[in-house]
Structures are given as structure tokens and as C-alpha cells.
Amino acid sequence: MKFNIKNIVRSASLMSLATLSLVACEDEPDKYEVAGGNPEVIYVCMPTNKDSLITSAFTNNRVVLIGNNLRSITKLFFNDQEAVLNSSLITDHALFVTVPRSLPNNPTDKIYMYNEDGNVTEYPFTVDIAAPLLASMDCEYVAPGEVATINGDYLLSYDNFPMVITMPDGTQITDFKSLSQTSVSFVVPDGCTQSGPITVTSKYGTSKSTKFNFNDARGIMADFNAGGGVSSNGKAPQGWNISATYSSEGGIAGCGEYCQLGDGSTTTDGSWNEAFKLPFWAGRWDGNPMGIEPGQAGTPFCNFIDFSDFANMALKFELYIPKSNPWSAGAMQLVFTSSDVAANDSWQNNKYIHTTKEDGGLDLCRGLYRPWETTGSFDTGDEWITVTVPFSEFVYNADGTKGSVPLSSPNDFATFVLWPWSGGVEGTECTPIFRIDNIRAVPYK
């Protein structure tokens, strides 16, 4: 029998394709039988719109095949991924099916329909897949010759369409140490030291990193090198009872010195211990805390870093915790203090560290970094990693409860303290070593 597409469209106008499956069940209860012969697909459309003729669809979307003898289909594949068939959603002239969620290993941009005899009928149809999603790097500072790792999704490379990573200086990389849908590792080529976003191109599109920069040079608050960060000597901490030490041994290549908290023997159980405190209190000690010039020790961060879009920014720093001295107690308090606080007596005491007004504190919202909470212990495997805490997550009191004084303006970013204690988590006593470098505030969209 010759198939007439006009008859199908005329019939479909009497009922939406969304109800076709119900009609099929009612008209032929318990009577579904596989037909002989081969199927013929005339077109593919969306379930709710008979006129939406389509040639592609994203994974996990439902589509309708319209044609002839569709009950002859016993197996159906989109590329090399098999779809689930439901006989209640199949008639001679319509077949509802969901595009498989799994991604193709060998995209051919075709639908393959098998009948009971194993004969295959092909129909051109593309499975749409998103362009590469670039979420993070294990460490954003990687020297030439060392291995860099990008994490994300849809990182797909095929023989006939290899994925290409383009570094900030334009160098292109197609040789990978490891590759999966969600992660790719590669050796940074010689000469690739330029700071900037990384671009990744796959068969399905091109994406440029917006949540990270390679060798990020933006918004540096402290890099602990002479002439860098917030002070004239670059080391920057200003406050009291600072036990930080500095070294370049075992640091990130090209980044000079780092700051170390903990000596490997000092213990902490998450309670108050100033041996692990790293304060950056704005201002001078002569009673005029805001009356200083950029480059002098204790310059308020908001004086030289643009926090106007802080809601779409994050605090980042590189962290190294050796396997020999893991961390298992206290949350890393990440606390900013406003210019208003820095301009009165509170700038040179511990009020902004406390949790509540009742104990003299200011209820300032802060970030809490506590990666050991789910595992009981945390180290970075004798590697440097990049820690990212979006400012949208600065919502806590020191004890882990919800804070009552949120970050609300650029002037709220004058001073800063990093300190592992409290945080509303119970841990075990430990002797951690924290090596920290490149503290920065950067866009994060």
C-alpha cells in the first residue's frame, strides 16, 4: 500500500501526537504484533507538534518517527547507542522513542532500525550534544613539561574529528595523557606560560573557559613574592601572632615563594589556635587605617581589586597539604571585613572572627572550606591544587550556621583572614601543614 503523508497529517490534526500512544493502547489492547518487512521513515517530529519536522535532537529528548510499517522495528539505534522501545508507543505509522542519554562512541549521524530478520534500515538524523563544558582545572598553574588536567563535560574526541585544546598563546594540543567525557589531561608544551583562558573545540562546538584562567594573573591579593600582592614586600600578612613561614622549595614552578601554616608538629583539633592564622588586616597601625597609598603594607583589597561584580566572583588560592600531614579538624574560615569595620577599632581586634554579637562578634558571613568533612581526612596527594570558593557561598557564621550580615558591596572586601578552626564540624586532632599561594579574587561565571 502506498503511504500518503497527507493522510497522516490530516489524521494527526484530529489529535495531538502526544495522545497517540494512548489511542494505540485503546485500539489494540494486548494485540501488538511485530510486522514483517522493513520500516520506512518519512520524517521525524516532536511529540507535541506534528509540524515540527526535525533532523536532530539532544540526548534524553523524546521524538516521534512518522512513516510506514514501523511495527517491523525490533531494535533501534541512534548512532551506536540503542534506544528503549515500548510497544505501547508504536503503531504502523508512528513510533515514540527517547534519544539515549549515553553519548555515541562513533557518531555517524544516523538512526539504525533492525527488523526481525536482522535487516537494517538507515535514516539520517543527528544527535545534538553540547559544546565542551569547562568547569575547572586541578591546578591552574602548570609549568611547561608538567601535566595539566581540565574537568568538565562533553570532552569528546573522535578519529575523524579530534578534540583540540588551544592555550592562551595559541598553541594547539591534540595529544592527551588521558581523556574521558568529564576530564582531559595533557602535557603543557614548551613555552606555554602565558596567562589567560583556555579554549576547547570538539565536533559539537567551541568553548572558552570562563570559570578559570591558565596561570591566572588576575586579582592577586597575595603571591608571597617580593613586590607582589598587597604589600611592598609581597608577603602581605598584617595582624598579630602570625606564625607563617615562607619558602620556594617544592612550590609551583614559576610562582616563587609560598606561605606555610603549620610546622608538622603543631596540633589542632579545630579549636582556636593562632599558629594557623593568616590575617591581612587593612590599614596602618597609627590610627588612620584607610589613609594609605596602594602598594603599602595593609592596603584594603577593595582599593586595587574591582569587586563591583562580586556576586559573580570567587576566592581562589593554590593549596598543598602533604600526605604526611593530613587535615582532619576545623573548617578553613575565609573572612572578609568591610572598610567600615576597618575604619574603627574593630579593624585591629578579633571581633570579626567571632560568630555572634553576644560574644563581641559582628555576624559577618564567610566562606567555609572543609573538604575532609565527608572523608574524615584530607590531603592533596603531594600535589598543588586550586581551591575555588564562590562569593555566593560566603553565607556562614564561624560555627557553620547561617550568617546574618551578608557581603553586600565592594567595600565589604577591605581585609581578609584565612584560618582553619571551628566551622560546625567535628574532626580529629591532627598536625596539618598548609602551603598556600596566589590568593586571588577573580570572575567566576
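Keep in mind that what you see is a predicted model, and the values were worked out from it rather than measured.

## Observations concerning the overall build of the chain
Line of reasoning, step 1. The number of helices and strands found in the chain is 3 helices and 28 strands.
Line of reasoning, step 2. When burial is assessed residue by residue, the chain has 50% of its 445 residues classed as buried.
Line of reasoning, step 3. Residue pairs in contact within the chain that sit at least 24 positions apart in sequence constitute 72% of those at least 6 positions apart.
Line of reasoning, step 4. With the model as given, the accessible surface of the chain reaches about 19,900 Å², and the carbon-plus-sulfur share is 47%.

## Overview of the state of the cysteines
Line of reasoning, step 1. In total, this model carries 0 disulfides according to the counting rule given.
Line of reasoning, step 2. The thiol sulfur of Cys 139 is not disulfide-bonded, and the nearest other cysteine sulfur, from Cys 255, lies at 7.7 Å.
Line of reasoning, step 3. Take Cys 139: its relative accessible area is 8%, and that puts it in the buried class.

## Quick word on the side chain of Ser 207
Line of reasoning, step 1. Mapped onto the fold, Ser 207 is located in strand E18 (residues 205–208).
Line of reasoning, step 2. For Ser 207, a relative accessible area of 15% puts it in the buried group.
Line of reasoning, step 3. A distance of 2.6 Å separates a polar side-chain atom of Ser 207 from the backbone oxygen of Pro 132.
Line of reasoning, step 4. Each residue touching Ser 207, except ones within four places of it in the same chain, is listed here: Ala 131, Pro 132, Leu 134, Ile 198, Thr 199 and Val 200.

## Overview of the sheet that holds strand E1 (residues 40–46)
Line of reasoning, step 1. If you trace the 4 strands from one edge of the open sheet to the other, you get E2-E1-E4-E7, paired in antiparallel fashion. Where the open sheet ends on each side, the last strands, each with one partner, are strand E2 (49–54) and strand E7 (94–98). Pairs of neighbouring strands in the sheet enclose a mean axial angle of 45°, with direction left out of account.
Line of reasoning, step 2. Sheet analysis places E1 next to strand E4 (residues 62–68), joined by 5 bridges and oriented antiparallel. Residue pairing for E4: Val 41 is matched across the bridge by Gly 67.

## Focus on the environment of Thr 386
Line of reasoning, step 1. The topology assignment puts Thr 386 in strand E26 (residues 385–390).
Line of reasoning, step 2. Distance in space between the C-alpha atoms of Thr 386 and Cys 139 is 4.7 Å, their sequence separation being 247 residues.
Line of reasoning, step 3. Ignoring anything within four residues of it in the chain, the contact list for Thr 386 reads Met 137, Asp 138, Cys 139, Glu 140, Lys 316, Phe 317, Glu 318 and Arg 440.
Line of reasoning, step 4. Within the local environment of Thr 386, its side chain forms a polar contact with the backbone nitrogen of Glu 140, the two atoms lying 2.8 Å apart.

## Overview of the pattern of salt bridges
Pairing of side chains with opposite charge becomes possible as their charged atoms draw close.
Line of reasoning, step 1. Using the criterion set out here, one finds 11 salt bridges in the structure.
Line of reasoning, step 2. For Arg 440, the salt bridge goes to Glu 140, with nearest N and O atoms at 2.9 Å. Of this pair, Arg 440 sits in strand E28 (residues 434–443) while Glu 140 sits in the loop between strand E11 (133–137) and strand E12 (147–153); the two residues are 300 residues apart in sequence, bridging distant segments of the chain.
Line of reasoning, step 3. We note a salt bridge from Asp 216 to Arg 218, for which the minimum N-O separation is 2.8 Å.
Line of reasoning, step 4. Three or more residues are tied together by salt bridges with common partners; here these are Glu 140, Asp 216, Arg 218, Lys 316, Glu 318 and Arg 440.

## Section: the packing of aromatic side chains
Line of reasoning, step 1. As enumerated under the stated definition, the model contains 25 aromatic pairs in all.
Line of reasoning, step 2. Measuring from centroid to centroid gives 6.3 Å for Tyr 158 and Tyr 204, while their planes differ by 85°, and the two rings are edge-to-face. Note that Tyr 158 is positioned in the loop between E12 and strand E13 (164–166) and Tyr 204 in the loop between strand E17 (199–202) and E18, a separation of 46 residues in sequence. Pair check on accessibility: Tyr 158 and Tyr 204 agree, each one buried.
Line of reasoning, step 3. Each member of the aromatic cluster is reached from another via a ring pair, and the members are Phe 280, Phe 301, Phe 304, Phe 307, Phe 310, Phe 336, Phe 391, Phe 394, Phe 413 and Phe 416.
Line of reasoning, step 4. Of note, Lys 211 hangs over the ring of Tyr 444, and the distance from its end group to the ring centre comes to 4.2 Å.

## A closer look at the pairing of E26
Within a regular strand, side chains alternate between the sheet's two faces.
Line of reasoning, step 1. Counting buried positions along E26 gives 5 out of 6 residues, so the element sits mostly inside the fold.
Line of reasoning, step 2. Sheet analysis places strand E23 (residues 313–320) next to E26, joined by 6 bridges and oriented antiparallel. In the strand pairing of E26, Leu 315 is matched with Val 389.

## Re the environment of Asp 92
Line of reasoning, step 1. Structurally, Asp 92 can be placed in the loop between strand E6 (81–82) and E7.
Line of reasoning, step 2. Relative accessible area serves as the criterion here: at 30%, Asp 92 is assigned to the partly exposed category.
Line of reasoning, step 3. Remark: the alpha-carbon pair of Asp 92 and Leu 70, spanning 22 residues in sequence, is separated by 4.8 Å.
Line of reasoning, step 4. Residues contacting Asp 92, with those up to four places away along its chain left out, are Gly 67, Asn 68, Asn 69, Leu 70 and Arg 71.
Line of reasoning, step 5. Separated by 2.7 Å, the side chains of Asp 92 and Arg 71 make a polar contact.

## Overview of the nonpolar core
Line of reasoning, step 1. By size, the foremost hydrophobic cluster in this structure holds 46 residues, and its most contacted members are Phe 307, Leu 315, Leu 334, Phe 336, Phe 391, Phe 416 and Ile 439.
Line of reasoning, step 2. If you list the elements that add at least two residues to this core, you get strand E19 (220–222), strand E21 (258–261), strand E22 (278–280), E23, strand E24 (332–337), E26, strand E27 (415–420) and E28.
Line of reasoning, step 3. Setting aside residues no more than four positions away along its own chain, Ile 439 makes contact with Gly 219, Ile 220, Met 221, Ala 222, Phe 224, Leu 278, Phe 280, Leu 315, Lys 316, Phe 317 and Phe 416.
Line of reasoning, step 4. Residues Leu 65, Ile 66, Leu 76 and Met 113 belong to the second largest nonpolar core, which totals 32 residues.

Rules used throughout
- Residues numbered from 1 in each chain as written.
- Predicted model: local features only at pLDDT ≥ 70, side-chain atom pairs only at ≥ 80, totals over all residues.
- Heavy atoms only, no water.
- Helix = DSSP H or I, 4+ residues; strand = E, 2+ residues; numbered from the N terminus.
- Buried < 20%, exposed > 50% of the residue type's maximum accessible area, 1.4 Å probe, protein only.
- Contact = heavy atoms within 4.5 Å.
- Areas by Shrake-Rupley, 256 points an atom, 1.4 Å probe, with all protein chains shown as cover.
- Disulfide = S-S within 2.5 Å.
- Polar contact = N/O pair within 3.5 Å; in protein donor to acceptor, adjacent residues only side chain to side chain.
- Pairing = 2+ DSSP bridges.
- Axes fitted to C-alpha atoms, helices over the stretch in contact; angles between N-to-C directions.
- Salt bridge = Lys/Arg side-chain N within 4 Å of Asp/Glu carboxyl O.
- Phe/Tyr/Trp six-rings, centres within 6.5 Å; stacked < 30°, edge-to-face > 60°.
- Lys NZ or Arg CZ within 6 Å of the ring centre and 35° of its normal.
- Core = buried A, V, L, I, M, F, W, Y, C linked by side-chain atoms within 4.5 Å.

In short, shape yes, function no, at least from these values alone.
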